[in-house]
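Remarks on the overall topology
If you want the building blocks of each chain, they are given just below.
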Amino acid sequence: MFAGAPGVGHLFPLVPLARALRELGHEVAVASMDGGEVVAGSGLPFLPLAPGLDWRREIREAGRTRRPDLMKRVVETNAADREAFVPLAAHVNDAVADATVELAARWRPDLVVYEYLFPAALLAATSLGVPAVQHDLGFVRTPGLRALMLAEMAPAFARHGVHRLPEHVETIDLAPPSMAAGERYGWSMRPVSYNGEGSLPERLAGPAHRPRVAVTLGTVPPKTDGLTRIERVIAAAAHVDADFVLATGDLDLGALGTLPDNVRSYGWVPWRALLGTCGAAVHHGGSGTALAALDAGIPQLVLPDGSDRFVTADAVHERGAGLSATAEEIDPALLQRLITDDALAGAAREVRAEIAAMPSPTALAPRLTALVTGTD
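The residue numbering used here restarts from 1 in each chain and proceeds along that chain's sequence as written. For this predicted model, a pLDDT threshold of at least 70 governs which residues receive local features, and a threshold of 80 or more governs which side-chain atom pairs are given and counted, while totals over whole chains, interfaces and linings are taken from all residues. Calculated side-chain values reflect all of the structure's heavy atoms, with hydrogen atoms and water omitted.

**Some thoughts on the pattern of salt bridges**
Going by this rule: In the sections that follow, a salt bridge refers to a side-chain nitrogen of Lys or Arg positioned within 4 Å of a carboxyl oxygen of Asp or Glu. Strands here mean DSSP runs of E at least two residues long; helices mean DSSP runs of H or I at least four residues long; both are numbered from the N terminus. When accessible area is computed with a 1.4 Å probe and restricted to protein chains, residues below 20% of their type maximum are described as buried, those above 50% as exposed, and intermediate ones as partly exposed.
Following the criterion strictly, the structure yields 17 salt bridges and no others. For E152, the salt bridge goes to R67, with nearest N and O atoms at 3.9 Å. Residue E152 is located in helix α7 (residues 143-152), and its partner R67 is located in the loop between α3 (55-65) and α4 (68-77); the two are separated by 85 residues in the primary sequence. Note on R67: relative accessible area 27%, which makes it partly exposed.

**Things to note about helix α6 (residues 120-128)**
Short version of the rule: Should any heavy atoms of two residues lie within 4.5 Å, those residues are considered in contact.
Counting buried residues along α6, seven of its nine residues qualify, which places the element largely inside the surrounding structure. Looking at α6, one finds that the buried residues are A120, A121, L122, L123, A124, A125 and L128. Where the residues of α6 are buried, they touch β1 (2-3), α5 (82-107), β4 (112-115), β5 (132-135), α7 and α8 (154-159).

**Quick notes on the packing of aromatic side chains**
Given two aromatic rings, one states the distance between the centres and the angle between the planes to describe the pair. Using the following cut-off: Stacked, tilted and edge-to-face are the three classes assigned to paired rings of Phe, Tyr and Trp, where Trp is represented by its six-membered ring and a pair needs centres within 6.5 Å; plane angles under 30 degrees give stacked, over 60 edge-to-face, the rest tilted.
Applying the stated criterion across every chain, the model contains one aromatic pair. Seen from their ring centres, F12 and Y194 are 4.8 Å apart, and the 70° between their planes marks the pair as edge-to-face. Of the two residues, F12 is situated in the loop between α1 (8-11) and α2 (15-23) and Y194 in the loop between β7 (187-188) and α9 (202-205); the sequence distance between them amounts to 182 residues. With respect to burial, F12 and Y194 carry one shared label: buried.

**Some thoughts on unusual backbone geometry**
Despite not being glycine, A79 has its phi angle at roughly 70°, a positive value. A relative accessible area of 11% means that A79 is categorised as buried.

**A short note on the packing of α4 against α5**
Applicable threshold: Simply put, an axis is a line fit to the C-alpha atoms, just over the touching stretch for a helix, and the angle between two N-to-C directions goes from 0 to 180 degrees. Here the word oblique covers every angle except those under 35 degrees (roughly parallel), over 145 (roughly antiparallel) and from 65 to 115 (roughly perpendicular). Crossing chirality is assigned from the near helix's rotation relative to the far helix, an anticlockwise turn below a right angle marking it left-handed and a clockwise turn marking it right-handed. Charged residues are taken to be Asp, Glu, Lys and Arg, nonpolar residues to be Ala, Val, Leu, Ile, Met, Phe, Trp, Tyr, Cys and Pro, and polar residues to be all remaining types, Gly included.
Contact geometry of α4 with α5 gives a least axis separation of 8 Å together with a crossing angle of 125°. It follows from the interaxial angle that α4 and α5 lie oblique. In this structure, α4 meets α5 at a crossing whose hand is left-handed. Packed against α4, whose contacting residues are L70, M71, R73 and V74, the element α5 presents E83, A84, F85, P87 and L88 at the interface. Class assignment of the residues belonging to the contact of α4 with α5 gives a composition of seven nonpolar, no polar and two charged.

**Quick notes on the side chain of R212**
Which entries qualify depends on this criterion: Counted as positive: Lys and Arg. Counted as negative: Asp and Glu, with His and the chain ends omitted from the count.
By secondary structure assignment, the location of R212 is in strand β8 (residues 212-215). Buried charged residue R212 carries no salt bridge. Nearest counter-charge: D243, at 5.6 Å. When residues no more than four places from it in sequence are discounted, the contact partners of R212 are R203, L204, G206, P207, D243, V245, T277, C278, G279 and A280.

**Some thoughts on α7**
For an α-helix, the turn length of 3.6 residues means that residues three or four places apart are oriented alike. To be explicit about the condition: Arc definition: it is the arc formed by the directions from the helix axis to the C-beta atoms.
Considered for burial, the residues of α7 that qualify are L145, R146, M149 and L150. The buried residues of α7 occupy an angular sector of 130° when the element is viewed end-on, so they sit on one face. At its buried positions, α7 is contacted by α5, β4, α6, β5, α8 and β6 (170-173).

**What about the nonpolar core?**
The condition is simple: Put simply, buried Ala, Val, Leu, Ile, Met, Phe, Trp, Tyr and Cys residues joined by side-chain atoms within 4.5 Å make one nonpolar core.
Among the nonpolar cores identified, the biggest contains 52 residues, and M33, W55, L117 and F118 are the most heavily contacted of them. Broken down by secondary-structure element, the contributors of at least two residues to this core are α3, α4, α5, β4, α6, α7 and α8. Per element, the largest residue contribution to this core is 12 residues, and it comes from α5. In contact with L117, other than residues within four places in its own chain, are H10, W55, R82, F85, V86, A89, N93 and M149. L14, L17, A315 and A347 belong to the second-largest nonpolar core, a separate cluster that totals 41 residues.

**So, the environment of S127**
Using the following cut-off: In protein, a polar contact means a hydrogen-donor-capable atom and an acceptor-capable atom, both N or O and within 3.5 Å, with residues adjacent in sequence counting only if both atoms are side-chain atoms; elsewhere, any N or O pair within 3.5 Å suffices.
When you line up the elements, S127 lands in helix α6. Using a relative accessible area of 31% as the deciding quantity, one classes S127 as partly exposed. For S127 and A104, which are 23 residues apart along the polypeptide, the C-alpha to C-alpha distance reads 9.3 Å. What S127 contacts, discounting residues up to four positions off in sequence, is V101 and V162. Within polar-contact distance, the side chain of S127 engages the backbone oxygen of A124 at 2.8 Å.

**What about the environment of L344?**
Note that L344 resides in helix α16 (residues 342-356). Note on L344: relative accessible area 5%, which makes it buried. As a C-alpha pair, L344 and V162 span 182 residues in sequence and 49 Å in three-dimensional space. Apart from the residues within four sequence positions on either side, L344 is in contact with P299, G320, A321, G322, L323, R337 and L338.

None of this, on its own, says anything about what the molecule does.
Written out as structure tokens, the structure is:
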């Protein structure tokens, strides 16, 4: 059983490993709360948890009624203060703990794989006496955050007869070794992109005749900060000799008026496939989005605004594989540097080679099944 918070950025990274295990003949399903059903498009069965309980609403409620001091920090940093955000996420995990344990008791998994913001699944595994593996998502180093979250969840564990919190959990780390902030741990696994099903529009599938730049702001940031960054990217792109592809999903760009001739909006586009036709990328800093650009070996401009996206931006910038900027710093010169700086391109290619050398999900899958059989 795989489990995670109900968001594309939390569940889609689990799909490649889940599919690898299924291809080995194992029964696999993904559990999450309302909103997590999007993962069913991957062909994996979806197990709903606590219908009607909304992840973001519960976090806000926990901040309002239990920890207003933490909520103040979360609001001020747009959740970039992870030491404030994680305890609030723990309260949501507490709220779904009983439902998660009940679901696991019905489904009877032999192994539980969960992403770090959803340790209710670790509780379920512990209560059943089956192994659990934490699946990290990118560049955030999670051991300290896990300890913080489990301390908050101690009453939930005790409620289910677990009075000693797990001291060690096997962890899957997707960060390329040179980008792990000096803190490598767990099992290294190659980040394989899953961006939903579908193919590139015919116009994008062919070769580009001049530099092509992929642009996305992910699924969450535009809902919280509006169109400021995308508007500035479009304005600057009009003065750069390159084609810009906006992969902006359902985001309504009508308020921005007519787009420049070298900027086209395509809505939902498979991100990794698009990157394979591009020479650079501009994005919000989602870990999966950045890892896909690194896997493609192209430089990237990261425009972080909160959550773990500043961690991603710092990792990319410090490795020399891209740039990080605020909305106010976006201008034609910055975009021009992105597509012409040989040092950025060289570092991005180095990381691509590093990623290619990491164990694939298929190669790692036997280590997980060995936890069940005790043959590792």
